[in-house]
Amino acid sequence: MYLLYVDMSGNVGQEGEAHFVMAGVAVFERGVHHVICELDKIVGRHFPGHDISEIELHGSPMWGGRKFWRRLSKQKRVALIKDALSVFQGPSGGNLTAFGMVVNKAAVSPDDPVEHAFEQICTRFDKFLTRKYHRERRKERGLIVVDKSRYEDTLQALAHSYRNDGTRWGSLKNLSEVPLFVDSRMSRLVQLADLVSYALWRRHEHDDHGLLVDIVNGFDRDGRVYHGLYHKTLPGVECDCAACASRR
Ligand SMILES: [Zn+2]
């Protein structure tokens, strides 16, 4: 079984922000433990002597220096984000596949960008599993694990509809029936998904490529085509991001 850990960045109701991002990290079940150990080791290197289970990786407060992160310099906070994202190039990198759905909120209005992104990420994760089956003759199921602090009601309702409404969703052949909701404080992999979503959010909301540059090769792709990256732009907008470029 593959698990897709999902988290998001950007606020749906925030007027001044253009983008909402939902990102996922897919891991084969037997690899989950190794990735957690690698992430714990990285956090431990930055906080020697601390109880690292208390330290939650979370892009927005880390970047902004809020709450727990106030006492650390910007340089140290960004270094930890980048180190955590470096697991895509580490020993577990081959077992990690990233997904990133970037939605310009105005481009889907009046629809809910959370729904739009969730539908995309479910469909793309399902296709990733179908591709595995065709290529490697490996029939694997997929389970989606979502941070429960945000939009749980919306996503629960959607999960219900994707079981019952085959036409809207196409048919998601490989996914287990409902997503699981977990507390992100308890899951390093949901935290990793949060950092991926934050890296994409900075790229699109602030044109800051600094966090994304090291992980762009971690997104699901087939040759030059990034199946794991999706960017919903306003009509007529030219964009040079990897998602848009790979579809031209
Ligand atoms: Zn784009």
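Residues numbered from 1 in each chain as written. Predicted model: local features only at pLDDT ≥ 70, side-chain atom pairs only at ≥ 80, totals over all residues. Heavy atoms only, no water.

Student: Now, about the packing of helix 3 (residues 74-85) against helix 8 (residues 188-206): what can you tell me, with residues and values included?
Tutor: Where helix 3 contacts helix 8, the axes come no closer than 10 Å and their chain directions differ by 110°. By the angle between their directions, the pair helix 3 and helix 8 is classed as roughly perpendicular. The handedness of the crossing between helix 3 and helix 8 comes out as left-handed. Across the interface between the two elements, Ile81, Ala84 and Leu85 of helix 3 pack against Leu192, Leu195, Val196 and Ala199 of helix 8. Class assignment for the residues of the contact of helix 3 with helix 8 results in 7 nonpolar, no polar and no charged. (Axes fitted to C-alpha atoms, helices over the stretch in contact; angles between N-to-C directions. Helix = DSSP H or I, 4+ residues; strand = E, 2+ residues; numbered from the N terminus. Parallel < 35°, antiparallel > 145°, perpendicular 65-115°, else oblique. Left-handed = near helix turned anticlockwise from the far one by under 90°. Contact = heavy atoms within 4.5 Å. Nonpolar A, V, L, I, M, F, W, Y, C, P; charged D, E, K, R; others polar.)

Student: Describe the packing of aromatic side chains, with residues and values.
Tutor: Scanning all chains against the criterion turns up 11 aromatic pairs. The interplanar angle of 55° and the centroid separation of 5.2 Å between the aromatic rings of Tyr2 and Phe28 together place this pair among those described as tilted. Here Phe28 lies in strand 2 (residues 19-28) and Tyr2 lies in strand 1 (residues 2-9), a separation of 26 residues in the sequence. Taken individually, Tyr2 and Phe28 each receive the classification buried, so the pair is uniform in this respect. Where Phe68 meets Trp69, the ring centres are 4.9 Å apart and the plane angle is 85°; that geometry is what we call edge-to-face. Using a relative accessible area of 28% as the deciding quantity, one classes Phe68 as partly exposed. Directly above the ring of Phe28 sits Arg138, whose terminal nitrogen or CZ lies 5.1 Å from the centroid. (Phe/Tyr/Trp six-rings, centres within 6.5 Å; stacked < 30°, edge-to-face > 60°. Buried < 20%, exposed > 50% of the residue type's maximum accessible area, 1.4 Å probe, protein only. Lys NZ or Arg CZ within 6 Å of the ring centre and 35° of its normal.)

Student: Residue-level account of the pattern of salt bridges, with values.
Tutor: If you walk through the whole model with that rule in mind, you get 11 salt bridges. We note a salt bridge from Asp208 to Arg202, for which the minimum N-O separation is 2.8 Å. Since its relative accessible area comes to 11%, Arg202 is described here as buried. One salt bridge connects Asp207 with Arg203, and the closest N-O pair in it is separated by 4.0 Å. Overlapping salt bridges, with partners in common, bring together Lys132, Glu136, Arg138 and Glu140 in one network. (Salt bridge = Lys/Arg side-chain N within 4 Å of Asp/Glu carboxyl O.)

Student: Lay out helix 5 (residues 113-136) in plain terms, naming residues and giving numbers.
Tutor: In this model helix 5 runs 34 Å from its N-terminal to its C-terminal C-alpha over 24 residues, within 8% of the 34 Å that 1.5 Å per residue would give. Its side-chain oxygen placed 2.8 Å from the backbone nitrogen of Val114, Asp112 serves as the N-cap of helix 5. The first or second residue beyond helix 5 is Arg137, which carries a positive phi of 55°. (Expected span 1.5 Å × (residues − 1). Polar contact = N/O pair within 3.5 Å; in protein donor to acceptor, adjacent residues only side chain to side chain.)

Student: Quick one: what's the story with the coordination of the zinc ion, residue by residue and with numbers?
Tutor: Protein-derived ligands of the zinc ion are His231 (ND1), Cys239 (SG), Cys241 (SG) and Cys244 (SG), with the metal-ligand distances lying across 2.1 to 2.3 Å. Geometry at the zinc ion is tetrahedral, judged from its 4 donor atoms and the angles of 104 to 114° they form at the metal. All donors of the zinc ion belong to a single chain; written as a sequence motif, their spacing is H-x7-C-x1-C-x2-C. On the basis of relative accessibility, which here comes to 6%, the residue Cys241 falls in the buried class. (Donors = N, O, S within 2.8 Å, 3.2 Å for Na, K, Ca; no water. Tetrahedral: all angles 85-135°; square planar, octahedral: opposite > 155°, others 65-115°.)

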